Amino acid sequence: WLLIKKRDGYSNERDVAEEHPRSVLSGLTLEELRDSHTLGERIAREIERLGAPQLAHPMTPERFPLALAKLTEKPFDGDKWLFEVKYDGVRALAIRDGGSVRLFSRNRVDITDTYPEIALSLNALPFERFVIDGEIFAANEQGRADFQLLQRRMHVRGAAAAKHLSRAIPVCCFAFDLLAFGGFDLRGLALEARKRILAQVVRGEGSVRYCDHTLVHGRAFYDAVAESNLEGIIAKRRDAPYRAGRGGDWLKIKCPQRRHFVIGGYTDPRGSRSHLGALLLGLWDKQDRLHYVGKVGTGFNDETLTRLNRELTPRAIDESPFVRSHVTDSQLGRDSHFCRPELVCEVQFAEVTDDSCIRHPSFIRLVPDADPAECKWAPPFPTLDDDESSAQIEAQDTADPPTARDPEPTVNITNPDKVFWPGDGYTKGDLIAYYRAIAPWMLPYLKDRPVMITRYPDGIEGKSFYQKDAPGFAPDWIRREKIYSEESSREIGYFVLESADALAYIANMGTIPIHIWSSRIGSLERPDWLLFDIDPKGSTTANAAKVARAVMELLHDVGLRSVIKTSGQAGLHVMVALRPAYTYAQARDFSQLVAQLVVKSMPEIATIERVVAARKNRVYIDYLQLGHGKTIAAPFSVRPLPKAPVSAPLLVKELSPRIEVEKYNIGSMPARMKRLGRDPFIGAIADKQSLEDALPELERKLREAELLK
């Protein structure tokens with residue numbers, strides 16, 4: 001079909017080709033496209049004159065570790081420096097080595113399918129080999145980089161879904177460095193030379209653009225960027241080669257942000273200051289709850305302090321206006337006083353911390369005509385759960401008081417004698433003591449791994465709620481990592497537990513089970529293991545043991561070494577440690593084939609049918625529990641069941657139809673591990689294996705079983 005637009009009031013005589021002569025994909029004009037082969041030759045001759053060496057290896061992301069920027073506080077001028085805008089996006093390394101372009105994240109994860117429009121534009125460049133370093137960002141309606149918008153693209157699953165979303169949320173990539181071109185390695189050249197060549201390679205104004213720069217005048221450039229409300233600038237040495245890591249050749253300088261906040265109280269003055277020490281600031285959520293976001297204690301003069309005192313005194317109230325589940329008295333300080341949340345102030349700050357408080361704040365002014373209700377929780381503050389239930393808030397508000405935010409690991413145990421297992425007499429203190437005792441065995445599995453906890457403030461017979469987000473009152477010494485959730489359309493601040501003190505702290509919060517991801521920070525899309533969750537629901541533990549042994553034997557037959565643990569409930573977990581070289585989908589597909597073979601060999605007791613009613617008293621082999629954001633009970637995790645069982649590593653000889661999973665509990669497990677002297681499950685993370693060698697044998701067995709068509 002040919003679409004012909006009739007002349008109307010919007011038509012004109014201007015030549016579109018003259019006004020926009022460059023291709024939106026390649027960035028080249030028609031003339032340049034016709035002469036593209038000579039363009040590549042000219043660039044190669046220039047590189048050769050500069051003395052760049054030949055590439056001595058294939059182009060893989062491992063061969064091109066990224067240069068990183070050090071954070072510095074103040075902008076500066078310097079004739080040895082050039083300055084670029086710092087875009088609030090994600091790093092991308094684009095590699096083309098004779099075929100199609102592949103995009104890789106900072107952690108070397110392949111993200112080509114996630115950003116199809118970037119790959120399409122780079123594939124349109126008429127050059128066969130190059131490595132480009134850049135930043136992908138999404139722009140809002142004002143044309144500014146918007147990281148919250150980009151997050152909706154970052155973790156989309158599947159090429160089709162990403163392509164569909166690219167129409168609603170298009171992204172751009174600013175190319176700021178060229179590491180290789182043709183057969184040459186450019187990293188030893190001066191930055192200015194690399195950028196001069198890059199400007200010839202990337203010319204368009206479409207999805208891929210050249211990142212321009214300014215010379216010498218860093219302060220003026222910083223002021224212009226700050227006035228435009230951009231994130232900051234990057235200063236780079238003009239004559240420096242491309243060096244991996246944070247060597248000091250690149251410096252990042254962030255611009256402060258300004259925002260209106262509700263004043264919910266203040267602290268007592270100290271030293272010679274009069275009237276007040278700091279203002280307590282808040283923002284409203286969609287349920288009209290005021291969330292504490294930090295204090296501001298600088299930027300005041302005597303006149304401002306006097307005025308604030310005059311405004312705050314008649315608004316004094318006894319109770320805190322901040323929502324209880326997101327702030328504690330220890331955060332606010334013992335010298336806090338509260339007021340009706342009717343006043344608004346403007347505050348400058350550097351950034352928002354992991355616990356949603358502003359960093360390096362400075363008071364600018366009172367805003368007398370501002371409506372406090374307009375001070376809403378919004379980016380750069382992470383999105384809150386809109387569906388947080390009143391039951392969860394009630395459980396948080398009635399839980400044992402959290403410990404103070406201490407700079408050093410200090411765990412103040414509260415109510416250790418509270419009975420958590422009424423039928424067995426185990427107390428909260430017993431739970432905390434268990435996690436401390438088992439920590440040396442458990443921590444290797446928790447290293448760099450996001451966790452999801454379930455809290456039972458009044459023990460296993462009381463209310464419970466699961467928690468992904470680390471609460472704001474958690475101490476700074478417990479690590480937290482923000483990960484975007486496509487399901488929740490927001491960032492979640494996960495706990496990462498790295499010490500016995502951290503385990504004790506969350507146990508003191510009433511946490512009983514600890515669930516972990518199957519991948520680690522830095523390679524979240526690459527699982528650490530194959531997982532077979534042997535679920536006997538509707539069947540028997542004896543049958544579960546038989547199925548688990550069949551899975552282990554089949555894995556052995558195809559050349560893989562597996563280990564086993566109890567789930568802490570009736571089920572069993574068979575696992576194989578993997579090199580972090582496979583996607584979740586690849587690991588899951590392999591597990592599915594293994595599960596199908598086992599079911600074929602023992603159909604009377606095994607099934608891969610998810611619906612319980614359709615299992616007909618057979619044991620379910622769940623291979624689908626392996627996926628981004630999905631969790632399993634951590635090894636040694638306690639379960640909220642009678643007798644306080646734990647997810648226990650097993651010796652293979654202990655896997656028998658007569659297995660009693662309840663005997664592995666908080667009372668027996670520390671002594672058991674001391675007696676064993678080794679962890680029989682450690683192979684799940686230490687014995688990393690490849691799937692390539694196992695595939696031919698697995699395929700042979702599938703053909704024999706007539707499961708491979």
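Residues numbered from 1 in each chain as written. Predicted model: local features only at pLDDT ≥ 70, side-chain atom pairs only at ≥ 80, totals over all residues. Heavy atoms only, no water.

Let us look at the overall build of the protein. Looking only at helices and strands, the protein has 18 helices and 32 strands in total. Within the span of the protein, comprising 709 residues, buried residues form 52% of the whole. In the protein, 71% of the contacts between residues at least 6 apart in sequence involve partners at least 24 apart. Entry remark: accessible area of the protein is about 33,000 Å², with carbon and sulfur atoms responsible for 49%. (Helix = DSSP H or I, 4+ residues; strand = E, 2+ residues; numbered from the N terminus. Buried < 20%, exposed > 50% of the residue type's maximum accessible area, 1.4 Å probe, protein only. Contact = heavy atoms within 4.5 Å. Areas by Shrake-Rupley, 256 points an atom, 1.4 Å probe, with all protein chains shown as cover.)

This next bit is on unusual backbone geometry. One non-glycine residue with positive phi stands out, namely K616, at about 55°. Checked against the element boundaries, K616 lands in the loop between β30 (606–607) and β31 (619–622). Classification of K616 by relative accessible area gives exposed; the value is 67%. Backbone geometry at A644 places phi at a positive 50°, although glycine is not the residue there.

Moving on, we come to the sheet that holds strand β2 (residues 78–86). Ordered in space as β1-β11-β10-β2-β9, the five strands form an open sheet in which the pairing is mixed. Looking along the sheet, the strands with just one partner apiece sit at the ends: β1 (70–71) and β9 (214–216). Sheet topology places β1 next to strand β11 (residues 250–254); two bridges connect them, and they run parallel. Residue pairing across strands places K70 opposite L251, the latter belonging to β11. (Pairing = 2+ DSSP bridges.)

Further remarks concern the pairing of strand β5 (residues 129–138). Among the 10 residues of β5, nine are classified as buried, and the element is accordingly described as predominantly covered. Pairing analysis gives eight bridges linking strand β3 (residues 90–97) to β5, with the strands arranged antiparallel. Paired with D97 across the bridge in β5 is R129. Strand direction decides the pairing type here: β5 and strand β6 (residues 171–181), joined by nine bridges, are antiparallel. In the strand pairing of β6, I132 is matched with L178.

Right, let's talk about the pattern of salt bridges for a bit. By the definition in use, this model includes 36 salt bridges. In this structure, the salt-bridge partner of R315 is E311, at a minimum N-O distance of 3.1 Å. Here R315 falls in the buried class, since its relative accessible area comes to 17%. Shared partners join several salt bridges into a network, and the residues in it are K447, D448, R479, E481 and E498. (Salt bridge = Lys/Arg side-chain N within 4 Å of Asp/Glu carboxyl O.)

A few words now on the confidence of the model for the protein. Per-residue pLDDT for the protein averages 85, and the proportion of residues at 70 or more is 88%. In this model residues 1–8 is a low-confidence stretch, pLDDT under 50, and it forms two contacts with partners more than four residues away in sequence or in other chains. (pLDDT = per-residue confidence, 0-100.)

Bringing helix α12 (residues 428–446) into the picture now. Relative to the 27 Å expected for 19 residues at 1.5 Å per residue, α12 spans just 22 Å between its end C-alpha atoms, considerably shorter than the ideal helical length. A bend of about 75° at A439 is the largest found in α12, and the proline P440 appears one to four places after it. Looking at α12, one finds that the buried residues are K428, G429, L431, I432, Y434, Y435, I438, A439, M442, Y445 and L446. The backbone nitrogen of G429 has a side-chain oxygen 3.3 Å away, supplied by the residue at the start of α12, namely T427. (Expected span 1.5 Å × (residues − 1). Bend = angle between axes of the 7 residues up to and from the residue. Polar contact = N/O pair within 3.5 Å; in protein donor to acceptor, adjacent residues only side chain to side chain.)

To continue, consider the nonpolar core. Counting residues in each nonpolar core, the largest one holds 94 residues, and the members touching the most others are Y435, F495, L497, I534, V547 and I621. Ranked by size, the runner-up nonpolar core spans 39 residues in total, among them L39, A52, L103 and L165. (Core = buried A, V, L, I, M, F, W, Y, C linked by side-chain atoms within 4.5 Å.)

By secondary structure assignment, the location of L312 is in helix α9 (residues 302–312). Judged by its relative accessible area of 2%, L312 falls in the buried class. Sequence separation between L312 and F338 is 26 residues; the distance between their C-alpha atoms is 8.9 Å. Not counting residues up to four positions away in its chain, the partners in contact with L312 are I263, Y266, L276, L279, C339 and L343.

Attention now goes to the side chain of S567. Topologically, S567 is positioned in the loop between β28 (563–566) and β29 (572–577). Using a relative accessible area of 6% as the deciding quantity, one classes S567 as buried. A polar side-chain atom of S567 sits 3.1 Å from the main-chain amide nitrogen of Q569. Not counting chain neighbours up to four residues away, the residues in contact with S567 comprise L572, H573, A633, R639 and S647.

Moving on to the sheet that holds β28. The sheet built from five strands is open, its strands ordered β28-β29-β27-β31-β30 with mixed pairing. The open sheet terminates on both sides in strands that have one partner only, identified here as β28 and β30. Sheet analysis places strand β27 (residues 529–535) next to β29, joined by six bridges and oriented antiparallel. By the bridge assignment, F532 is partnered in β29 with V574. On top of the sheet, helix α14 (residues 541–557) reaches β27, β28, β29, β30 and β31; it is set at about 10° to β29, its chief contact. Lying over the sheet, helix α15 (residues 584–601) contacts β27, β30 and β31, oriented at roughly 40° with respect to β27. (Axes fitted to C-alpha atoms, helices over the stretch in contact; angles between N-to-C directions.)

Inspection of the entire model under this criterion finds 20 aromatic pairs. Taking the centre distance of 5.2 Å and the plane angle of 50° together, the rings of W377 and F381 count as tilted. For W377, a relative accessible area of 14% gives the class buried. Overall, the relative accessible area of 1% leaves F381 in the buried class. Ring centres of Y494 and W517 lie 5.5 Å apart, and the angle between their planes is 80°; on these two criteria the pair is classed as edge-to-face. Of this pair, Y494 sits in strand β25 (residues 490–496) while W517 is found in strand β26 (residues 511–517), placing the two residues 23 residues apart along the sequence. Looking at W517, the relative accessible area reads 2%, which means it is buried. Here a set of aromatic residues connected by ring pairs shows up, and it is made of F261, F349, W377 and F381. Stacked on the ring of W250, the Lys or Arg K236 has its end atom at 3.8 Å from the ring centre. (Phe/Tyr/Trp six-rings, centres within 6.5 Å; stacked < 30°, edge-to-face > 60°. Lys NZ or Arg CZ within 6 Å of the ring centre and 35° of its normal.)

Before going further, it helps to spend a moment on the side chain of H291. Mapped onto the elements, H291 comes out in strand β14 (residues 290–296). Take H291: its relative accessible area is 1%, and that puts it in the buried class. A polar contact of 2.7 Å, which involves the side chain of H291, links it to the side chain of D285.

Considering the arrangement of structural elements, one finds R209 in strand β8 (residues 208–210). Judged by relative accessible area, which is 27%, R209 ranks as partly exposed. Once the C-alpha coordinates of R209 and G134 are considered, the two residues, 75 residues apart in sequence, prove to be 9.4 Å apart. Those residues in contact with R209, other than ones at most four positions away along the chain, are C172, C173, F174, A175, V202 and G204.

Moving on, we get to the packing of α14 against α15. A pair of packed helices can be characterised by two numbers: the angle between their axes and the separation between those axes. Between α14 and α15, the least distance of the axes is 10 Å, while the angle of their chain directions is 120°. In terms of axis orientation, α14 runs oblique to α15. The two elements α14 and α15 meet at a crossing, and its hand is right-handed. In contact with V547, A550, V551, L554 and L555 of α14, α15 contributes V594, L597 and V598. Of the residues assigned to the contact of α14 with α15, the class counts are eight nonpolar, no polar and no charged. (Parallel < 35°, antiparallel > 145°, perpendicular 65-115°, else oblique. Left-handed = near helix turned anticlockwise from the far one by under 90°. Nonpolar A, V, L, I, M, F, W, Y, C, P; charged D, E, K, R; others polar.)

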